[in-house]
Each structure stands twice: as C-alpha cells, then as structure tokens.
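Each chain, written out:
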Protein chains: 2
Amino acid sequence: MKETRPIGIFDSGIGGLTVLRQLRKLLPNEQLIYFGDTARIPYGTKSKKLIERYAIEDAAFLLQFDVKMIVVACNTASALAMDVLKKRLPVPVTGVIRPGALAAIRHSKKKQTLIMGTSATVRSGAYTEAIQAQDPDFTVVARDCPLLVPLVEEGWLDDPVTMMTLHKYLDPVLNAEIDSLILGCTHYPLLAESIRKVTGPDVHLIDSGYETAYYVRETLKQLKLEHKGTRPGEDRFYVSDIPQKFADIGARFLGEPLAHLKRVDFENFLVEQNDRIEKLLSPKVEQ
Amino acid sequence: MKETRPIGIFDSGIGGLTVLRQLRKLLPNEQLIYFGDTARIPYGTKSKKLIERYAIEDAAFLLQFDVKMIVVACNTASALAMDVLKKRLPVPVTGVIRPGALAAIRHSKKKQTLIMGTSATVRSGAYTEAIQAQDPDFTVVARDCPLLVPLVEEGWLDDPVTMMTLHKYLDPVLNAEIDSLILGCTHYPLLAESIRKVTGPDVHLIDSGYETAYYVRETLKQLKLEHKGTRPGEDRFYVSDIPQKFADIGARFLGEPLAHLKRVDFENFLVEQNDRIEKLLSPKVEQ
C-alpha cells in the first residue's frame, strides 16, 4: 500500500524535532523517519551551494526508506535549497518557509510581520519573497539572531542573558504596526515565552513547525496518500553524529525521550552513493 | 631544500588564524599554508570518533603541499585527535594544548589554573591531563563556555551581553588561588580584554596560540628544519566553504585582510583520496 509508506523529515540537527513533534500531533497514524545531519551542523553559516548539496544528500538518505513525502524541517535548507529539491526529488517535498509565511499573512491585520531567523535564512530573503508573492503590500521586517541557537542549546531559555540578547535583537525593529512574528528557526519555539515577554501580548507568534504539519496533512489528503489505519511502524531517528548532549537536548525538543535513535556512517553513505547523489545534483538530469 | 618547505596549519574554521598570526610574528621567514574546515565547523559539539576522522582528513589535505610540520590550531582537535595524528602522520605535529598547559605551569605561582574552552575541549580533560602529567599537585579548574564562540563571531567583544555571559561562566569558578587562566579556544584571544575585566589584573592570561608558535620555533630549530632566508612564498589560505561573513571575521582574527584565499572542493578531495585517508585512519597500517 502506497499510504503505509513513511514520511521523511530532515534537519541540519535536532531543531527539526519541534517540527516532528507537531507532525505527530496532527498525523498520529503516520510513521515518521527523521534524519538529523548532526555531523555537519549548523547549516546557517554556510554557503547556498553547499547547503543545496547537503539537502540533496540528506534527502537521498531518506529516499532509501521509500518515503512518500519529504519535509525539510530546517529553515536554512528551506530558504536556500527548495528549488533544487523540488526539481530533483521523485516525491513531494515541503519546507517550513511557505507554510510559515502563509500563516503570517493570515494572522496579521495590520499587514506587517517580523521574521526572526539565522543569518543564512534572513539573508536569503525567502520569507519576504514568499509573503510578498501572495500580497505585495505586506511589510516584512527581518532580524537575524545568530546567538539564539547556542542559547537554546545551552538551556538558557529564560535566563537574563537570553532576555538581554532578545531585547538587543528585537527592540530596534519592533513597532506598533507589527502584529505577527515568525519564529523562523526550529529552535525558537523553545524561546516562545521569553520572546512573548519582549513583544507583549498583541503580537501573534507563528510556529512554522505547526504550520508545516498542517500543510503536510492537507497535501497527503489531496494526493490520497494519507494513512488512516494504525501507525505502520515506530518512528525512527537517524543522525550522522551523536554529540554528548544530544539525548538531553533532543528530549527537550521532542518533549519526551528519543527512542529508536541510531548513528549512521553518513560519510560512508556519501562515498558509496556518490554517483546517485551527483545525478540528483546535476542540472542535466531531470527526475 | 627541506627547510624551504611550508608549515601546514589547520583548524575547524577561522579561529586558528589567531595562531597563524603568532606564527608569522615568531617565524617571519617561513611560508604558512592554512586550511580552515569551514564546511564542517564547529568541531566542538562533535564526537571524538568524528573529530579524529576530520583531523586526519584535514592533515591529508595539507600533506599535498609537502609541509615540513603540521600545527593543529584547533583546541578541540588538539584535545581529541593528537594521539591518532602523532601515530599516523609522516611529519612532526603539534597541537595547542600542550604548549598552553606548560605555560600555565610556568605562570602560576599558586599552582592553580582555570581553563576556558568549548564543551568538547573541557570534557576531554586534555589540558588537565597535560598539566598534571608535569605536576600532579597542580589544581586545574575547567569551565566550558559554549556561547563565547558565537559571541565573538557576532562581533560583541565587549558588549554587556558578553560581559554578563562571562560573569555567569566565570564568577562561580574564580577564586583567590587561581593566578593563571588558559584561553583554551582560538577565538578567545579576541575576548582577552573583557575576560581580564572579570578576572582582575592578578590572573595571567595564556594565549595558546602564542605558546604554540614558540614551541614550533623550538621544534624546527631542534630538527634543523628552520628556514633562515627570505620567505620562500606567500602564505596561502584554503577553506572548505566560504561563509558570507568570512572575510570580515577572518580579517578581525588575522589583524589584516586575507590575501590568497581559496575555496577548495573538499568533498571531492575526500572522495578522490578516500583510499589514502582510510589507510591513514586504519590502525593496521603504521606510517
């Protein structure tokens, strides 16, 4: 049965677990296969060319499991690699940018939104582009916040250092017209309460993970690929490296301990699958 | 002439440029070849196994240039991969840990030192081991400071956020007996002034980069490999990826703009040189 096939999710690390958590809530009957490219984290500081290659390699890893759809649970890869992924992958694929952008439009009465993200995500302009493609009159303010990922991973979710950093990033760009804010990095939902203290209660915070899970459910319905029976198998988690703090941080992101976690020899996979990956990367070959 | 061969230096990124800067000062006649593995930065959050592999791969890249010595200008790789590098490389190699540890002993009258570093460096216990191998009565206090690298890369060298973070890391571990402090990460020399404000003037700050350069000079003398004539060629800088902010940050680390900088296709190098690298990694083969 085509519908029993799993959904594949990848991220540069473990931030994407906040997206997986939302997918589980909205799609409890689906089996999920997660790949976190922890050996090469973070993507946010790297070039577009390299991120495109990494995204194709990550997707190639998931395709081994006969996945029916791929979710790019990484803002940087969603911002920089969606074109190449959509062109080259043999299954439907979604990133987190477009669902987040559409939600910002829905939730903003004053047509003004603030985007927080990594440097690479903000620099890409992908959220702005996605919003203005729908509504050219919409005003988008973007702020890159490179310190927030390390602050989350340090576990300083509401520490004075974090509050001061948030004020430093947000105070200069907040204004009375902004009534929606995109948490444009999968780490940021863990900072939602602290961010709300800085913005005040009138700004609607958008969790791209939730919006993406909603979008995936709709897509599977449309394509008649949703699975209605019991979940065909346990979720599985693969990573390209297991850092010491992984289990702690992962559990914090997922909201429960990580079961079925396995380190894969990704370097070896890349050497073995080099020809297939080069084919996926080559503009000459249409999938 | 053997002596005209260049010295190879590698780091996970650009932090090692603070080491190269010290090498230039102490060894103005030597040509330096730098490799920054910016595509896979940071090493500090990764496993020992992976860091050993990366270190061998980085060294293999430098060996192409017929280097006469290799400097591991990366605290994480120095902490976790020196054994494998010393066993497997066909040229002399030094890390930054041992020279820094010896300096801490020289500069401490009260036999107590504080080490600041990334999580991986501190967890490895490498500085403590290197110090206590020389003097088992020496007291070593270690503090991992994962937020300092992103703060330096953000350019917040003396920002209130940085000062508050430094106090949070250091206040609980500083005491009157500590009279030397190892800047156990190549990014930290840029924070030396701010760190001094927290420690007060009576703590001697140790820049492992300076100590390492001094050690390299002594080693080359002993091995009669020092070059006394005019520098045989310009220094060269290779990176596995060029992030957008690279030029800015690099110039800040080096103290001048980066000339002769080139991005190399490192993934391709790894695929092509796979057999040679596996040989270097294999315990069965002695070099």
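Residues numbered from 1 in each chain as written. Chains lettered and ligands numbered in written order. Predicted model: local features only at pLDDT ≥ 70, side-chain atom pairs only at ≥ 80, totals over all residues.

Caption draft 1: Molecular detail of the overall build of chain A. Within chain A one finds 13 helices and 10 strands. With the C-alpha coordinates of chain A rotated into their principal frame, the extents come out at 50 × 40 × 40 Å. Across the 287 residues in chain A, those meeting the buried criterion constitute 51%. Taking the contacts inside chain A whose residues are at least 6 apart along the sequence as the reference set, 79% of them involve residues at least 24 apart. (Helix = DSSP H or I, 4+ residues; strand = E, 2+ residues; numbered from the N terminus. Buried ≥ 20, exposed ≤ 12 C-beta atoms within 10 Å, placed from the backbone. Contact = placed C-beta atoms within 7 Å.)

Caption draft 2: Here's a closer look at the pairing of strand β8 (residues 204-207) of chain A. Residue and element names in this part refer to chain A. With 4 bridges connecting them, strand β7 (residues 180-183) and β8 associate as parallel partners. Considered in β8, the bridge of isoleucine 182 is made with isoleucine 206. The parallel pair β7 and β8 is bridged by helix α9 (residues 192-199), and the resulting crossover is right-handed. (Pairing = 2+ DSSP bridges. Right-handed = clockwise from strand over helix to strand, strands pointing away.)

Caption draft 3: Molecular detail of unusual backbone geometry. Located in the positive-phi region is A:Lys224, a residue other than glycine, with phi close to 55°. Turning to its location among the elements, A:Lys224 is positioned in the loop between α10 (208-222) and β9 (236-239).

Caption draft 4: Seen up close, the nonpolar core. A:Val72, A:Tyr127, B:Val72 and B:Tyr127 are the most contacted members of the largest nonpolar core, which has 167 residues in total. In this view, B:Tyr127 contacts B:Ile97, B:Gly100, B:Ala101, B:Ile115, B:Val140, B:Ala142, B:Ile182 and B:Gly184; residues no more than four positions away in its chain are not counted. (Core = buried A, V, L, I, M, F, W, Y, C linked by C-beta atoms within 7 Å.)

Caption draft 5: The arrangement of the sheet that holds β8(A) in detail. Residue and element names in this part refer to chain A. Ordered in space as β6-β5-β7-β8, the 4 strands form an open sheet in which the pairing is parallel. Because the sheet does not close on itself, it has two edges, and the strands there are β6 (139-144) and β8. Sheet twist, expressed as the mean angle between neighbouring strand axes with direction ignored, is 20°. Contacting β7 and β8, α10 runs over the sheet at an angle of about 55° to β8. (Axes fitted to C-alpha atoms, helices over the stretch in contact; angles between N-to-C directions.)

Caption draft 6: Quick peek at the pairing of β9(A). All names here are of chain A. The pairing of strand β2 (residues 32-36) with β9 spans 4 bridges and is parallel. Following the sheet pairing, isoleucine 33 is matched in β9 by arginine 236. For β9 and strand β10 (residues 261-263), the ladder comprises 3 bridges, and the chain directions are parallel. Bridge pairing links phenylalanine 237 to leucine 261 in β10.

Caption draft 7: Representation of the relation of the copies chain A and chain B within the structure. Structural alignment of chain A on chain B gives an RMSD of 0.0 Å, achieved by rotating through 180° and translating 0.0 Å along the axis. Such a combination of turn and shift is consistent with a two-fold rotation axis. Nearest to the rotation axis, the C-alpha of A:Arg40 is located 2.6 Å from it, this being the minimum over chain A. Take the interface residues of chain A: 100% of them recur as interface residues in chain B, which is what a same-surface contact looks like. (Least-squares fit on C-alpha atoms with pLDDT ≥ 70 in both.)

Caption draft 8: Up close: the domain arrangement of chain A. Residue and element names in this part refer to chain A. By the assigned domains, chain A splits into domain 1 (2-95 + 210-281) and domain 2 (97-208). Computed over C-alpha atoms, the centres of domain 1 and domain 2 are 23 Å apart. In this assembly, 24 residues from domain 1 lie in contact with 22 residues from domain 2. Residue assignment for the side of domain 1 that touches domain 2 shows that the elements contributing at least two residues are α1 (17-26), α3 (75-88) and α10. Of the residues that constitute the side of domain 1 that touches domain 2, the class distribution is 11 nonpolar, 10 polar and 3 charged. (Domains from an automatic or database assignment. Nonpolar A, V, L, I, M, F, W, Y, C, P; charged D, E, K, R; others polar.)

Caption draft 9: The arrangement of the environment of A:Ala251 in detail. Residues and elements named next belong to chain A. Structurally, the position occupied by alanine 251 is in helix α11 (residues 246-254). C-beta crowding within 10 Å serves as the criterion here: with 14 such atoms nearby, alanine 251 is assigned to the partly exposed category. Taking C-alpha positions, alanine 251 is 9.7 Å from isoleucine 14, a pair spaced 237 residues apart along the chain. The contacts of alanine 251, once residues within four sequence positions are left out, are Glu256, Pro257 and Leu258.

Caption draft 10: Highlighting the interface of chain A and chain B. Taken together, the contacts link 23 residues of chain A with 23 residues of chain B. Only α7 (148-154) and α8 (160-170) of chain A provide two or more residues apiece to the side of chain A that touches chain B. Looking at the side of chain A that touches chain B, the element that brings in the most residues is α8(A), giving 5 residues. By residue class, the composition of the side of chain A that touches chain B is 12 nonpolar, 5 polar and 6 charged.

Caption draft 11: How the structure looks around the sheet that holds strand β9 (residues 236-239) of chain B. Residues and elements named next belong to chain B. Reading across from one edge, β4-β3-β1-β2-β9-β10 is the order of the 6 strands in this open sheet, with parallel pairing throughout. Looking at the sheet topology across the chains shown, the edges are occupied by β4 (93-94) and β10 (261-263). Contacting β1 (7-11), β3 (69-72) and β4, helix α10 (residues 208-222) crosses the sheet at an angle of about 165° to β3.

Caption draft 12: Main features of α11(A). Residue and element names in this part refer to chain A. Of the positions making up α11, those classed as buried are Phe246, Ile249, Gly250 and Phe253. One face of α11 carries all of its buried residues, which in axial projection span an arc of 100°. If you follow the buried residues of α11, they end up packed against α1 and α7. (Arc of directions from axis to C-beta.)

Caption draft 13: A look at the packing of helix α2 (residues 48-63) of chain A against helix α13 (residues 274-281) of chain A. Residues and elements named next belong to chain A. The N-to-C vectors of α2 and α13 enclose an angle of 125°; their axes lie 10 Å apart at closest approach. In this view, α2 runs oblique relative to α13, as classed from their interaxial angle. At the point where α2 passes α13, the crossing takes the right-handed sense. Taken together, the residues of α13 that come into contact with α2 (itself represented by Arg53, Ile56, Glu57 and Ala60) are Arg276, Ile277, Leu280 and Leu281. (Parallel < 35°, antiparallel > 145°, perpendicular 65-115°, else oblique. Left-handed = near helix turned anticlockwise from the far one by under 90°.)

Caption draft 14: Geometry of the packing of helix α4 (residues 97-107) of chain B against helix α6 (residues 126-134) of chain B. All names here are of chain B. Interaxial distance between α4 and α6 falls to 9 Å at its minimum, and their mutual angle equals 55°. In terms of their interaxial angle, α4 and α6 are classed as oblique. Of the two possible hands of crossing, α4 and α6 adopt the one that is right-handed. Two secondary-structure elements touch here, α4 through Ile97, Arg98, Gly100, Ala101, Leu102, Ala104 and Ile105 and α6 through Ala126, Tyr127, Ala130, Ile131 and Gln134.

Caption draft 15: Expanded view of the confidence of the model for chain A. Averaged over all residues, the pLDDT of chain A is 92; the fraction at 70 or higher stands at 97%. Model confidence for the complex: the whole-complex pTM is 0.85, and ipTM, which rates the interface, is 0.81. (pLDDT = per-residue confidence, 0-100.)

Caption draft 16: Just the environment of A:Ser108, in detail. Residues and elements named next belong to chain A. With respect to the helices, strands and loops of the structure, serine 108 is situated in the loop between α4 (97-107) and β5 (112-117). C-beta crowding within 10 Å serves as the criterion here: with 23 such atoms nearby, serine 108 is assigned to the buried category. Apart from residues lying up to four places away in sequence, serine 108 is in contact with Thr113, Asp179 and Ser180.

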